[in-house]
Amino acid sequence: MSSEIRDTVILGSGCSGLTAAIYAARANLKPLVLEGHEPGGQLSITTLVENFPGWPEGIQGPQLVENMKLQAARFGTEFRMGHLVSVDLSKRPFALNLGKETIHTRTLIIASGASARWLGLPSEQALIGHGVSSCATCDGFFFSGREIAVVGGGDSAMEEALFLTRFASKVTLLHRREHFRASRIMLERAIAHPNIVFRTNTAVEEVLGVEEKEVRGLKLRDTLTGELSELPISGLFLGIGHVPNAKMFAGQIDLDDDGYVRTHDNVMTRVPGVYACGDVQDRRYRQAITAAGSGCMAALEVEKYLEEHGR
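Residue numbers here run from 1 along each chain, matching the order of that chain's written sequence. The predicted origin of the model limits local features to residues at a pLDDT of at least 70 and limits the giving and counting of side-chain atom pairs to 80 or more, whereas totals for whole chains, interfaces and linings rest on all residues. To obtain the side-chain values, all non-hydrogen atoms of the structure were used and water was disregarded.

> Just to check I follow, could you spell out the side chain of Thr269 for this structure?
Secondary structure counts use DSSP, requiring at least four H or I residues in a row for a helix and at least two E residues in a row for a strand, with both numbered from the N terminus. The topology assignment puts Thr269 in the loop between strand 18 (242-244) and strand 19 (274-276). N or O atoms within 3.5 Å of each other form a polar contact, as long as, within protein, one can give a hydrogen and the other can take it, and as long as residues adjacent in sequence are counted only when both atoms are side-chain atoms. A distance of 2.8 Å separates a polar side-chain atom of Thr269 from the backbone oxygen of Val274.

Okay, here's the thing in structure tokens:
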């Protein structure tokens, strides 16, 4: 167990965490970034990013993450691979248990993100970033004039399908059941759209195109009859939600019914000195640029907190 007490520790190395690290390091806080089980966050599995300001020709997601990491390291950020086992926010300094060691810190920035829910098919996983996506806003543009499919039955799926009609010539919405969880208004809006086709009682068995490294269709199974069929498409979007990586904070800070961190005044939790930014607390926008903005806010709040409490 180290006797050193850190000024701040940042959980997560996605857009929000790395932006927080840049700001905290420039304030001479010598932040420690724990990279977690998904280093780089959602951007690490994204191909071309065209909507992050400053890159007129676009930039590959992993390269954008690496650039941010280098920028943070330049100002003195320390990076460490580590997975948080448990945390104690009831006493100060805060104690972060990593299993083999415990880290103590005066402040904590939670930037652990949210993981997209996937179907779990090997073919799906092999084609993430090659026609399989969990973000219509990020990748819809690349499917202009093509036929695509969206999987899901809730509001997220309806929103994805409606947004994708701006680009795709046809959107097939696939749902395992007969009835939808979506709100009535969202469902009616999707049903009314001429470019959205519904296929209920339908499950995805396989994503076709692994050898070509490009989605070319789906193998589908009728959940009532077991009958198999193929649907030729160019892209598959998952609209089955995200899982915030915040379970370890249950009972110590406020989480909503879906497990997202509840914040007030943008990034503040109910525990002074603990801040949350990015997808772990943002269930609405979930964009790289909004994550970066909230990471900036969290770092500025950390700096202010430490000044007020006699760093």
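> Would you take a moment to explain the sheet that holds strand 16 (residues 228-231) for this structure?
The strands making up a sheet associate through hydrogen bonds between their backbones, and the pairing can be parallel or antiparallel. When DSSP finds two or more bridges between a pair of strands, those strands are recorded as paired. Taken together, the 3 strands give an open sheet; going across it, the order is 14-15-16, and neighbouring strands pair in antiparallel fashion. In this open sheet, the two strands that pair with only one neighbour each are strand 14 (202-208) and strand 16. Averaged over all pairs of adjacent strands, the angle between strand axes in this sheet comes to 30 degrees, irrespective of strand direction. Relative to strand 16, strand 15 (residues 217-222) runs antiparallel, the two being bridged by 4 bridges. Following the sheet pairing, Arg221 is matched in strand 16 by Leu228. Throughout, an axis means a line fitted to C-alpha atoms (over the contacting stretch in the case of helices), and angles, computed between N-to-C directions, take values from 0 to 180 degrees.

> For this particular structure, what's the right way to read the sheet that holds strand 13 (residues 196-199)?
Taken in spatial order, the 5 strands line up as 10-17-11-12-13 in an open sheet, and their pairing is parallel. The open sheet is flanked by strand 10 (132-133) and strand 13, the only strands paired with a single partner. Note: strand 10 against strand 17 (residues 235-238), 2 bridges, orientation parallel. Bridged to Val132 within strand 17 is Leu236.

Keep in mind these numbers describe shape, not what the thing actually does.
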